[in-house]
Amino acid sequence: MRRPMVAGNWKMHGSRAANSALLTDLELRVKADWPIDVAVFAPFVYLPDAVRMLTDSSIAVGAQNVCAETSGAFTGEVAAAMLKDIGCSHVLIGHSERRAWYHEDDALIARKIIVALATGLTPILCVGETLQEREAEKTEAVIARQIDAVLKTNGAPAFSRLIVAYEPVWAIGTGRTATPDQAQAVHQFIRGRISGQDANIGGQVRLLYGGSVKAGNAADLFSMPDVDGGLVGGASLNAEEFADICAAAAARH
Ligand code: PGA
């Protein structure tokens, strides 16, 4: 049985005051006995505050990015060991905004997975196709390339220690959610790709859907057999809505 997960990606939003109010509210709403994992991904500078606030809670804290190098002369970067040091347990790797605006390619993303795993962080590997790629019927080719880059560099066992998030680029922040069937088709493809290397690991790996997940569509998406939860952007900035999405994941099994 795969434990559902809901991850809140705050992106470059928030302030000390806003985050404090959001997390206080969220802690009251997300019940510790719900059979799910919940994590919030705050901007780097707010991570220590988030870790402190959530110390005694069931909600984990993660970063939105990490450097592929372990330490040294890399001005402006943050190492995996530093994230671990301040109490982060998770890290997003290869988000489409990193791929698009900061030119992160599959090789760099595979290296980031290596350092995150070596440090004991749980990566959420983000994959997804653009609208142009979908319309050209290249969705599976793009997803295969993104997954294979990590399979090739890290091997199938890496997928027993990471989570995959399928986020179609055309659905991120657009209000245009993939239909449950569209999400399921790609999730099934991803699971099959990993199962092709190791059936056991493929069966166990958790696959989250991301892209305009809201309280109103979460239950339908999470009802699909290969959708194990969600990576939530905009809706994670509202405690009530994010908690409702978590409740939908908790009701999954
Ligand atoms: P969204 O973002 O929920 O605002 O579409 C999802 C993400 O980019 O992780």
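Everything here concerns the structure above.
S.K.: Explain the site of the ligand to me, please; I cannot follow it from the model alone.
M.R.: Around the ligand sit 13 residues, and of these Lys11, His95, Glu167, Gly173 and Ser212 come closest. A distance of 2.8 Å separates an oxygen atom of the ligand from a polar backbone atom of Gly233. Protein chains bury 97% of the 280 Å² of accessible surface belonging to the ligand in isolation. Here the shell around the ligand is built from residues that sort into four nonpolar, seven polar and two charged.

S.K.: Which parts of the structure should I look at to understand the pattern of salt bridges?
M.R.: Side chains that carry opposite charge are capable of pairing whenever their charged atoms lie near each other. According to the stated counting rule, one finds 18 salt bridges in the structure shown. Where Asp106 meets Arg145, a salt bridge forms, and the shortest distance between an N and an O atom there is 2.6 Å. Taken together, the residues Asp106 in helix H5 (residues 106-119) and Arg145 in helix H7 (residues 139-154) connect sequence positions 39 residues apart. By relative accessible area, which is 14% here, Asp106 ends up buried. Among the ionic pairs, Arg252 bridges to Asp228, the shortest N-O distance being 3.5 Å. You can see Arg252 sitting in the segment after helix H11 (239-250) and its partner Asp228 sitting in the loop between helix H10 (215-222) and strand E8 (229-232), a full 24 residues away along the chain. The buried category is assigned to Arg252, whose relative accessible area is 18%. By relative accessible area, Asp228 is classed as buried at 0%. Through salt bridges with shared partners, a single ionic network connects Arg2, Arg191, Asp226, Asp228 and Arg252.

S.K.: Is there a simple way to explain unusual backbone geometry in this structure?
M.R.: With glycine set apart, most residues show a phi of negative sign, and most peptide bonds adopt trans. Not every positive phi belongs to a glycine, and Lys11 is a case in point at roughly 55 degrees. Tracing the sequence through the fold places Lys11 in the loop between strand E1 (5-9) and helix H1 (16-29). The backbone phi angle of Ser212 is positive, close to 60 degrees, even though this residue is not glycine. Looking at the element boundaries, Ser212 is found in the loop between strand E7 (207-210) and H10.

S.K.: Please explain the environment of Thr55 as it appears in this structure.
M.R.: Relative to the elements of secondary structure, Thr55 occurs in the loop between helix H2 (47-53) and strand E3 (59-63). Classification of Thr55 as exposed rests on a relative accessible area of 54%. Along the chain, Thr55 and Glu27 lie 28 residues apart, while their C-alpha atoms are 11 Å from each other. There is a polar contact of 3.0 Å between the side chain of Thr55 and the backbone oxygen of Arg52.

S.K.: Could you clarify how one ought to interpret the sheet that holds E3 in this entry?
M.R.: Each strand in a sheet pairs with its neighbour through backbone hydrogen bonds, running either in the same direction (parallel) or in the opposite one (antiparallel). Pairing is parallel in the closed barrel, where eight strands are placed in the order E1-E2-E3-E4-E5-E6-E7-E8. Direction aside, the axes of adjacent strands within the sheet are offset by 25 degrees on average. Both E3 and strand E4 (residues 90-93) contribute to a ladder of two bridges, which runs parallel. Paired with Gly62 across the strands is His90, a residue of E4.

Quick notes on the rules
- Residues numbered from 1 in each chain as written.
- Predicted model: local features only at pLDDT ≥ 70, side-chain atom pairs only at ≥ 80, totals over all residues.
- Heavy atoms only, no water.
- Near = heavy atom within 4 Å.
- Polar contact = N/O pair within 3.5 Å; in protein donor to acceptor, adjacent residues only side chain to side chain.
- Areas by Shrake-Rupley, 256 points an atom, 1.4 Å probe, with all protein chains shown as cover.
- Nonpolar A, V, L, I, M, F, W, Y, C, P; charged D, E, K, R; others polar.
- Salt bridge = Lys/Arg side-chain N within 4 Å of Asp/Glu carboxyl O.
- Helix = DSSP H or I, 4+ residues; strand = E, 2+ residues; numbered from the N terminus.
- Buried < 20%, exposed > 50% of the residue type's maximum accessible area, 1.4 Å probe, protein only.
- Pairing = 2+ DSSP bridges.
- Axes fitted to C-alpha atoms, helices over the stretch in contact; angles between N-to-C directions.

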